[in-house]
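Below are the chains, spelled out letter by letter.
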Amino acid sequence: MSRERADYLKRLLDRYCGLPHTAARRPSLYDRRLAGQLFDRGISLDVLETAFLLALARRTHRSPQATPLPPIRS
């Protein structure tokens, strides 16, 4: 595995597992596989971080009367 790929996976998985609504605190095998696929597709960390922030904003500003959402999973 290249150093660039390893750095990408670590940074992405650290961010994912640090989300407040994430189901797991450690990345699963599936999480690692998906992160590798995102790297292979050339999806930038900035785009993924923006997607994380959007998901958190939607959860945070959700109506309190709405049915609770399940934890975020890959």
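To keep things clear, this report deals only with the structure shown in the data block. The model shown is predicted, which means the values in this text are computed figures rather than measured ones. (Residues numbered from 1 in each chain as written. Predicted model: local features only at pLDDT ≥ 70, side-chain atom pairs only at ≥ 80, totals over all residues. Heavy atoms only, no water.)

The next subject is the nonpolar core. Generally speaking, soluble globular proteins have nonpolar side chains that are buried together. In terms of nonpolar packing, the biggest core is built from 14 residues, with Y8, L12 and Y16 touching the most fellow members. Those elements that place two or more of their residues in this core are α1 (3-17), α2 (29-40) and α3 (45-60). Here this core gets six residues from one element, more than from any other, and that element is α1. Not counting residues up to four positions away in its chain, the partners in contact with L12 are A35, L38, L45, L48 and F52. (Core = buried A, V, L, I, M, F, W, Y, C linked by side-chain atoms within 4.5 Å. Buried < 20%, exposed > 50% of the residue type's maximum accessible area, 1.4 Å probe, protein only. Helix = DSSP H or I, 4+ residues; strand = E, 2+ residues; numbered from the N terminus. Contact = heavy atoms within 4.5 Å.)

For the structure shown, the criterion picks out two aromatic pairs. With a centroid separation of 5.1 Å and an interplanar angle of 65°, the aromatic rings of Y8 and F39 are classed as edge-to-face. With a gap of 31 residues between them, Y8 in helix α1 and F39 in helix α2 connect regions that are remote in the sequence. Residue class for Y8 comes out buried when judged on its relative accessible area of 9%. Relative to F52, the ring of Y16 lies with its centre 6.4 Å away and its plane at 40°, an arrangement referred to as tilted. Here F52 lies in helix α3 and Y16 lies in helix α1, a separation of 36 residues in the sequence. Across the pair, exposure class does not vary: Y16 and F52 are buried alike. (Phe/Tyr/Trp six-rings, centres within 6.5 Å; stacked < 30°, edge-to-face > 60°.)

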